[in-house]
Amino acid sequence: MTPDGSLISAAGLRKAYGPTTALDGADLSIHAGEVVAVMGPSGSGKSTLLHCLAGIVRPDAGTVHYDGRDLAAMSDAERSALRRRDFGFVFQFGQLVPELTCLENAALPLRLTGHKRKDAEARALRWLERLEVADVRHHRPGQVSGGQGQRVAVARALVGEPRVVFADEPTGALDSLNGERVMQLLTDSARETRAAVVLVTHEARVAAYSDREVVVRDGIARDMAGMYDAA
Ligand SMILES: Nc1ncnc2c1ncn2[C@@H]1O[C@H](COP(=O)(O)OP(=O)(O)OP(=O)(O)O)[C@@H](O)[C@H]1O
């Protein structure tokens, strides 16, 4: 835990890409097991914030603490190991490995952390069942619908029982019915396993599945919970 009791704590994050300021002072705390929606208009810095929190992008200034550890003080190898062990990821377009079956895709995080194939695939199958896509387990991603592929991606994100799931527009490529179902399954599953979810979205309908919202505007993030605490 970080000193304020949160699992992830970001303070004063700044990040520029050449002349473009992506983050201009972002503060955010995430507690274990909570679902936080990061909202804001296109280009406001939401994805950059998520990438900084996950240790994928190194901010130009500011700090990110995860479980009491400063991400900037870790080596690249330590950060990679942390991402594999403690974090799960869901992106807008699934980003499944096209050569692997859906079952192999869902088992991948366990395989990468040294689990034997049989054990990894047995656990992955349970998650595919939970996400209602066990019937396509032997299909490759190119042979399933967008909604099915995204459910497989959610299973892959959760299979290692991560402490944080980072989801960047996870329903952005889905119709509203599929989007709602994916959000329901993602947030129900995360709440069961006590995983925190950092959910980037610009849709209020998707943010409605969160416990609270953080708004990013022009690279500035305002953590509403922090404001309430201070009041
Ligand atoms: N790798 C990059 N190289 C150059 N500019 C970038 C890069 N990544 C982001 N930017 C710029 O930084 C700003 C913030 O981008 P970011 O993707 O974080 O916003 P966003 O709120 O997630 O947008 P969207 O909702 O459209 O995905 C934008 O102006 C974007 O063009």
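Residues numbered from 1 in each chain as written. Predicted model: local features only at pLDDT ≥ 70, side-chain atom pairs only at ≥ 80, totals over all residues. Heavy atoms only, no water.

An unreviewed UniProt entry annotates the chain as ABC transporter ATP-binding protein of Streptomyces morookaense.

Enquirer: What is the right way to look at helix H5 (residues 146-158) in this model?
Expert: Each turn of an α-helix holds 3.6 residues, which means side chains three or four residues apart point in the same direction. When the terminal C-alpha atoms of H5 are compared, their 18 Å separation across 13 residues agrees well with the 18 Å that a helix rising 1.5 Å per residue should span. Burial runs high along H5: 11 of the 13 residues are buried. Taken residue by residue, H5 has Gly147, Gly149, Gln150, Arg151, Val152, Ala153, Val154, Ala155, Arg156, Ala157 and Leu158 as its buried positions. Residues of H5 that are buried sit in contact with strand S6 (87-90), helix H3 (102-112), helix H4 (117-130), strand S7 (164-168) and helix H6 (176-193). (Helix = DSSP H or I, 4+ residues; strand = E, 2+ residues; numbered from the N terminus. Expected span 1.5 Å × (residues − 1). Buried < 20%, exposed > 50% of the residue type's maximum accessible area, 1.4 Å probe, protein only. Contact = heavy atoms within 4.5 Å.)

Enquirer: Where do I start with the site of the ligand in this structure?
Expert: Every residue lining the ligand is accounted for by Tyr17, Thr20, Ala22, Pro41, Ser42, Gly43, Ser44, Gly45, Lys46, Ser47 and Thr48. Between the ligand and lysine 46 there is a distance of 2.8 Å, counted from an oxygen atom to a side-chain nitrogen or oxygen. Threonine 48 has a polar side-chain atom sitting 2.6 Å from an oxygen atom of the ligand. When the ligand is considered free in solution it has 630 Å² of accessible area, and contact with the protein chains removes 58% of it. Secondary-structure elements contributing two or more residues to the shell around the ligand are strand S2 (20-30) and helix H1 (46-53). A total of 3 residues in the shell around the ligand trace back to one element, the largest contributor, which is H1. Along the lines of polarity and charge, the residues of the shell around the ligand split into 3 nonpolar, 7 polar and 1 charged. (Near = heavy atom within 4 Å. Polar contact = N/O pair within 3.5 Å; in protein donor to acceptor, adjacent residues only side chain to side chain. Areas by Shrake-Rupley, 256 points an atom, 1.4 Å probe, with all protein chains shown as cover. Nonpolar A, V, L, I, M, F, W, Y, C, P; charged D, E, K, R; others polar.)

Enquirer: Sorry, what's going on with the environment of alanine 196 here?
Expert: Assignment of secondary structure puts alanine 196 in strand S8 (residues 196-200). Relative accessible area serves as the criterion here: at 0%, alanine 196 is assigned to the buried category. Once the C-alpha coordinates of alanine 196 and valine 164 are considered, the two residues, 32 residues apart in sequence, prove to be 4.6 Å apart. Residues in contact with alanine 196, not counting those within four places in the same chain, are Ile30, His31, Gly33, Glu34, Arg163, Val164 and Val165.

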